[in-house]
Amino acid sequence: MSSCLCKSKEVACPCQDIISGQRKADNPLQLMRSRYVAFATGASGYLYQTSSSKLKLELTESDLKAACESCKFIGLAIVEATDTAVEFKADFIADGYLQQIHEQSYFVIEDDDWKYDSGELFDTPIIKIERNEQCPCGSGKKFKKCHAK
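Being a predicted model, the structure only gives us computed values, none of them experimental.

**Quick look at a positive patch on the surface**
Step number 1: Judged by side-chain charge, R131, K141, K142, K145 and K149 come together as a positively charged surface patch.
Step number 2: One can find K141 in the segment after β5 (127-128).
Step number 3: According to the relative accessible area criterion, K141 is partly exposed, its value standing at 46%.

Right under this line is the structure:
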């Protein structure tokens, strides 16, 4: 099984090769997984590059860098993937709160490459994590010794 942050069940997950430019995403699911890894690792240049031209009118690479730095991603679950959309749940910790992005993402092909175009967010709870609770990342450590640092 892959040890990639995207939790793909593929033996050789392509996320790092896609982020590094060694290969293209074959479909929206691969692009979405690689973008999750990019958010988790701070690859804001890749996130900007894989945004549609329409989306690039609304954001900058600095915006994406700030988003990457503001939270620690700890889990990804794919709900459903189609030919042009992916519904996913991404868990993250920000300011001592466990949060989740639950989104239906839409993708387009521009210049023969898949690009993230837009998304619809679902309402999700925000949960305060107490210092002595188990960290929600699954490390087995207390939050204060893990992601609260």
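Having put the structure on the table, let's press on.
**Observations regarding unusual backbone geometry**
Step number 1: Even without a glycine there, the phi angle at D111 is positive, about 50°.
Step number 2: Turning to its location among the elements, D111 is positioned in the loop between β3 (97-110) and β4 (113-121).
Step number 3: Given the relative accessible area of 75%, D111 is considered exposed.
Step number 4: Within the chain, D112 stands out as a residue other than glycine whose phi angle is a positive 65°.
Step number 5: Of note, D112 is situated in the loop between β3 and β4.
Step number 6: For D112, a relative accessible area of 61% translates into the label exposed.

**Describing the packing of aromatic side chains**
Step number 1: Tallying each qualifying case throughout the model produces four aromatic pairs.
Step number 2: Aromatic pair Y36 and F73: ring centres 5.5 Å apart, planes at 80°, arrangement edge-to-face. One end of the pair, Y36, is in helix α2 (residues 28-41); the other, F73, is in strand β1 (residues 72-81), with 37 residues separating them in the sequence.
Step number 3: F73 gets classed as buried once you look at its relative accessible area, which sits at 15%.
Step number 4: Each member of the aromatic cluster is reached from another via a ring pair, and the members are Y36, F39, F73 and F92.
Step number 5: Taking the ring centre of Y48 as reference, the NZ or CZ of K56 above it sits at 5.1 Å.

**Things to note about the pattern of salt bridges**
Step number 1: Taken as a whole, this structure holds four salt bridges when the rule is applied.
Step number 2: A salt bridge links K24 to D112, with the nearest nitrogen and oxygen atoms 3.5 Å apart. Here K24, found in the loop between α1 (15-20) and α2, pairs with D112, found in the loop between β3 and β4; they are 88 residues apart in sequence, far enough to count as distant.
Step number 3: A cluster of three or more residues bridged by salt bridges with shared partners is formed by K24, D112 and D113.

Reading the values: rules and limits
- Residues numbered from 1 in each chain as written.
- Predicted model: local features only at pLDDT ≥ 70, side-chain atom pairs only at ≥ 80, totals over all residues.
- Heavy atoms only, no water.
- Patch = residues over 30% accessible without salt bridge, like charges linked within 9 Å, V, L, I, M, F, W, Y side chains within 5 Å.
- Areas by Shrake-Rupley, 256 points an atom, 1.4 Å probe, with all protein chains shown as cover.
- Salt bridge = Lys/Arg side-chain N within 4 Å of Asp/Glu carboxyl O.
- Lys, Arg positive; Asp, Glu negative; His and termini not counted.
- Charge placed at Lys NZ, Arg CZ, Asp CG, Glu CD.
- Helix = DSSP H or I, 4+ residues; strand = E, 2+ residues; numbered from the N terminus.
- Buried < 20%, exposed > 50% of the residue type's maximum accessible area, 1.4 Å probe, protein only.
- Phe/Tyr/Trp six-rings, centres within 6.5 Å; stacked < 30°, edge-to-face > 60°.
- Lys NZ or Arg CZ within 6 Å of the ring centre and 35° of its normal.

Any link to function would need more than the numbers given here.
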